[in-house]
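# Remarks on the overall topology
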Amino acid sequence: MTEQPATARPDRRAELAAGLARVRVRIADACADAGRDRAEVTMIAVTKTYPAGDVVALAGLGVADVGENRDQEAAPKAAEVAAAGVRPRWHFIGQLQRNKARSVVRYADVVHSVDSVRLARALGTAAEAGRDRPLDALVQVSIDGDPARGGALPDSADPDRGLGPVAEALAGAGSLRLAGLMAVAPLGWEPERAFARLAEVAAGFRQTHPEATALSAGMSGDLEAAIRYGATHVRVGSALLGMRPTLR
Ligand SMILES: *Cc1c(COP(=O)(O)O)cnc(C)c1O
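Presented here is an overview of the structure given in this document. (Residues numbered from 1 in each chain as written. Predicted model: local features only at pLDDT ≥ 70, side-chain atom pairs only at ≥ 80, totals over all residues. Heavy atoms only, no water.)

Along its length, the protein carries 9 helices and 8 strands. Taken over the C-alpha trace, the protein has a radius of gyration of 18 Å; the compact-globule value for 248 residues is 18 Å, and the two agree within 12%. Across the 248 residues of the protein, 52% fall into the buried class. Long-range contacts, defined here as pairs at least 24 residues apart, represent 63% of the contacts in the protein between residues at least 6 apart. When the accessible surface of the protein is summed, it comes to about 11800 Å², and 51% of that surface belongs to carbon and sulfur atoms. (Helix = DSSP H or I, 4+ residues; strand = E, 2+ residues; numbered from the N terminus. Rg over C-alpha atoms; globule rule 2.2 N^0.38 Å. Buried < 20%, exposed > 50% of the residue type's maximum accessible area, 1.4 Å probe, protein only. Contact = heavy atoms within 4.5 Å. Areas by Shrake-Rupley, 256 points an atom, 1.4 Å probe, with all protein chains shown as cover.)

What follows is the structure, encoded as structure tokens:
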């Protein structure tokens, strides 16, 4: 049996095209409302739980950026997509364990979820050995400052979890490029309040790291608010691909 390259059925392709058209209008409207240039905002299609054929179909519709949150799923999917001759930019957006760093640096172009110095160092070492060009890395920041959840802590001197130390660890690794910040609005927070707080953190952060301009914020439910507060990358899953069967 010969292996079939990843493809999507024509009806699925039409569904994805319709979802993409709706999301593109939302992004364009949000940029217009915020007085921002549409070219400042990159849409990342979050394809977790969806097959490689969907990634290939989206690429055919002009989507160049794809996001995944679990290495176990992303690594084989990226290989399948590459085998189909398609090369999107892969964004790793999920919680990352240090023992997965070596795998992730092989296919990811950007890692959005670095939230500790220990993880930054593991990524730096892995990227040094496993890639021939620097890996873009964003510090995931905690908006509510709860150390029990993910995200580096702004206004904290914690040597492992403080935003400053994590950013320094990324900036100091030759195999990495500190690209900016990422955040998820905390459950129960109004998106407006969450992203206003994030914009404040980002403004302070850029005083020290003016070259790290990426701001990854906003998902299907809150991308308009994120764009209003300066997001340069929105991560859109369900609004584009449909509701996922399981919560991830
Ligand atoms: C799943 C996921 C998204 C996309 O969420 P939707 O609500 O489906 O758009 C964005 N960011 C992260 C970190 C995710 O895990």
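Having seen the structure, we can now continue with the description.
A few words on the pattern of salt bridges. Pairing of side chains with opposite charge becomes possible as their charged atoms draw close. The full count for this structure, using the stated rule, is 17 salt bridges. Measuring nitrogen to oxygen at the nearest pair gives 2.1 Å for the salt bridge that ties R228 to E192. Taken together, the residues span a long stretch of sequence, with R228 in helix α8 (residues 223-228) and E192 in helix α7 (residues 191-208) at a distance of 36 residues. Overlapping salt bridges bring together E68, R70, E73 and K77 as one network. (Salt bridge = Lys/Arg side-chain N within 4 Å of Asp/Glu carboxyl O.)

A word on the pairing of strand β5 (residues 135-140). Of all 6 residues in β5, 6 are buried; the element is thus mostly enclosed. One ladder, built from 3 bridges, connects strand β4 (residues 110-114) with β5; its direction is parallel. Looking at β5, one finds that V114 is bridged to V139. Between the parallel elements β4 and β5, the chain passes through helix α5 (residues 117-130) in a crossover that is right-handed. For β5 and strand β6 (residues 176-182), the ladder comprises 6 bridges, and the chain directions are parallel. (Pairing = 2+ DSSP bridges. Right-handed = clockwise from strand over helix to strand, strands pointing away.)

What follows is about the site of the ligand. Neighbouring the ligand are V46, K48, I93, M182, M219, S220, R235, V236, G237, S238 and R244. In this structure, S238 approaches the ligand through a main-chain N or O atom, which is 2.8 Å from an oxygen atom. Residue R244 places a side-chain N or O atom 2.7 Å away from an oxygen atom belonging to the ligand. When isolated, the ligand has an accessible area of 390 Å², and the protein chains bury 87% of it. Tallied by class, residues from the shell around the ligand come to 5 nonpolar, 3 polar and 3 charged. (Near = heavy atom within 4 Å. Polar contact = N/O pair within 3.5 Å; in protein donor to acceptor, adjacent residues only side chain to side chain. Nonpolar A, V, L, I, M, F, W, Y, C, P; charged D, E, K, R; others polar.)

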